[in-house]
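# A look at the structure
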Amino acid sequence: MSSCKTLIRTSFSILESKFHSFPQKPFYSLAFRPPIQGPICPYNVRSKQYGTIQAAISVERSNNSNSLVDDNEEESSKDNVEKLLTNGDDVMHFMKMERRCTAGESRGSSSKKERWFPYLDRYKCGDDVYLSSSEVVEAVGPYLMEERKERFVRVARNRSYSVCLVVEGLRDFGNVSAAFRSADALGVQSVHVVSCDSSKRYRENRHVSMGAEKWLDIELWDTPQECFEVLRSRGYRIATTHVGMDAVSIYDMDWSCPTAIVVGNENRGISNEALQLSDLHCSIPMKGMVDSFNVSVAAGILLHHAVCDRVSRLGGHGDLTSYENQILLAEFSLRHSKSAISIAHEYAKRRAAMLMPKL
């Protein structure tokens, strides 16, 4: 036994002498790590440097530059779409720039009725304190990453209000979320939700919107009549999806005309009230044994064809003027995060202080 102990001690002595013969380099054990220089970045994700704490509002998802979902917002157990559609006040607060009250409200000196665009060129920061869209972009822009700003510009350039989506009486928030996602992906900015039965109960929803609801203009209505009246005042024709003898193929329609596409309930489809109040019925030609698509799939097909038809007729889907693009760009900048709102308000305070006459 003593010989074994002697052999072990001798072996360790040899190893120790060899270890010390190599050039000395710092050795870190699990119990001690040197101080980390710079900002700590968890989960082995590369961090970005910011000049101020407020500038950190542009923190993005690592390796996911295609996502416009802000990481500063905590994920809740309930889908954002469900919370929005069950609380009308949340939907209205979601939109930041001031909205026009009526379709015929003019933005300039011309008395000609303009095509529908919902926003005014001002953002309210307090009592009688407003920022224009250019001032909002100037205030928030320095705190956004360049790739995010470029994304906002590109998305706004491809947006249109000439086609809008109306979902009526859907009972599955998953279908609503999927329809929202298709609308956002195809450049359709305006989405309307008609709830025909205030006592309905929704099934467990699925997280399938990918944050699309954050960037869309969502409006809630209690009845098809209320929704359609407002849409007509904005210059839309109402096209309900329906399988019937009087239905027009979507391939025979001119989608360059401002059109509201209405899709209905998962089981019964469009309500009789909506069918009677619509301007036309349209359908997707079916080639198989079944005679309908899933409602969210149908919405995606309808919107995709509408965009393709507009591109072939008009040369593009996005049809906002430079003036409207600037306003929508400001809207996206304000929706980016809660910090963006604070930055805009601080900018307004500084501007007001500079304009205040000295005594």
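For the structure, see preceding data.
Heads up: these notes are all about the structure in this document. (Residues numbered from 1 in each chain as written. Predicted model: local features only at pLDDT ≥ 70, side-chain atom pairs only at ≥ 80, totals over all residues. Heavy atoms only, no water.)

### Quick word on the packing of aromatic side chains
A full pass over the atoms with the stated rule returns five aromatic pairs. Seen from their ring centres, F152 and F332 are 5.9 Å apart, and the 40 degrees between their planes marks the pair as tilted. Of this pair, F152 sits in helix α5 (residues 146-157) while F332 is found in helix α10 (residues 322-335), placing the two residues 180 residues apart along the sequence. Judged by its relative accessible area of 1%, F152 is buried. Residue classification places F332 among the buried positions, given a relative accessible area of 1%. Here the aromatic residues F117, Y119 and Y161 are joined through ring pairs into a cluster of three or more. (Phe/Tyr/Trp six-rings, centres within 6.5 Å; stacked < 30°, edge-to-face > 60°. Helix = DSSP H or I, 4+ residues; strand = E, 2+ residues; numbered from the N terminus. Buried < 20%, exposed > 50% of the residue type's maximum accessible area, 1.4 Å probe, protein only.)

### Things to note about the sheet that holds strand β5 (residues 217-221)
Strand order across the open sheet formed by seven strands is β5-β4-β3-β8-β6-β9-β7, with parallel pairing between neighbours. Single-partner strands in this sheet number two, and they are β5 and β7 (248-249). Sheet analysis places strand β3 (residues 163-168) next to strand β4 (residues 190-194), joined by four bridges and oriented parallel. Looking at β4, one finds that E168 is bridged to V194. Helix α6 (residues 173-185) rests against β3, β4 and β5 of the sheet, and its axis sits at about 160 degrees to β4. (Pairing = 2+ DSSP bridges. Contact = heavy atoms within 4.5 Å. Axes fitted to C-alpha atoms, helices over the stretch in contact; angles between N-to-C directions.)

### Overview of the nonpolar core
With 43 residues, the main nonpolar core has M97, Y119, Y123, V136, Y161 and L231 as its most contacted residues. Setting aside chain neighbours within four positions, we find Y123 in contact with K96, M97, V129, Y130, L131, V136, L334, I341, A344 and H345. Membership of the second largest hydrophobic core comes to 28 residues, among which are A183, V191, W255 and I261. (Core = buried A, V, L, I, M, F, W, Y, C linked by side-chain atoms within 4.5 Å.)

### Brief notes about α10
Taking 1.5 Å per residue, 14 residues should reach 20 Å; α10 reaches 20 Å between its end C-alpha atoms and fits that length. What α10 keeps buried is the set E324, N325, I327, L328, L329, A330, E331, F332, S333, L334 and R335. (Expected span 1.5 Å × (residues − 1).)

### A closer look at the pattern of salt bridges
Side chains carrying opposite charge are able to pair once their charged atoms draw close together. By the definition in use, this model includes 15 salt bridges. In this structure, the salt-bridge partner of R234 is E219, at a minimum N-O distance of 2.9 Å. Here the residue R234 occupies a position in the loop between α7 (224-233) and β6 (237-241), and E219 occupies one in strand β5, the gap between them amounting to 15 residues. A single burial state applies to R234 and to E219, both of which are buried. (Salt bridge = Lys/Arg side-chain N within 4 Å of Asp/Glu carboxyl O.)

### A short note on the packing of helix α4 (residues 133-140) against helix α11 (residues 338-355)
Between α4 and α11, the shortest axis-to-axis distance is 9 Å and the interhelical angle comes to 110 degrees. One finds that α4 runs roughly perpendicular with respect to α11. Taken together, the residues of α11 that come into contact with α4 (itself represented by E135, E138, A139 and V140) are A340, I343, A344, Y347 and R351. Looking at the contact of α4 with α11, its residues break down into six nonpolar, no polar and three charged. (Parallel < 35°, antiparallel > 145°, perpendicular 65-115°, else oblique. Nonpolar A, V, L, I, M, F, W, Y, C, P; charged D, E, K, R; others polar.)

### Observations regarding α11
One turn of the α-helix equals 3.6 residues, which is why residues spaced by three or four share an orientation. Counted at 1.5 Å a residue, the expected span for α11 with its 18 residues is 26 Å, and the 26 Å between its end C-alpha atoms agrees. Burial in α11 covers these residues: A340, I341, I343, A344, Y347 and A348. Mapping the buried residues of α11 onto a view down its axis gives an arc of 160 degrees, with all of them on the same face. Of the residues in α11, the exposed ones pointing more than 90 degrees away from the buried face are K338 and K349. Of the surrounding elements, those touching the buried residues of α11 are β1 (123-126), β2 (129-131), α4 and α10. (Arc of directions from axis to C-beta.)

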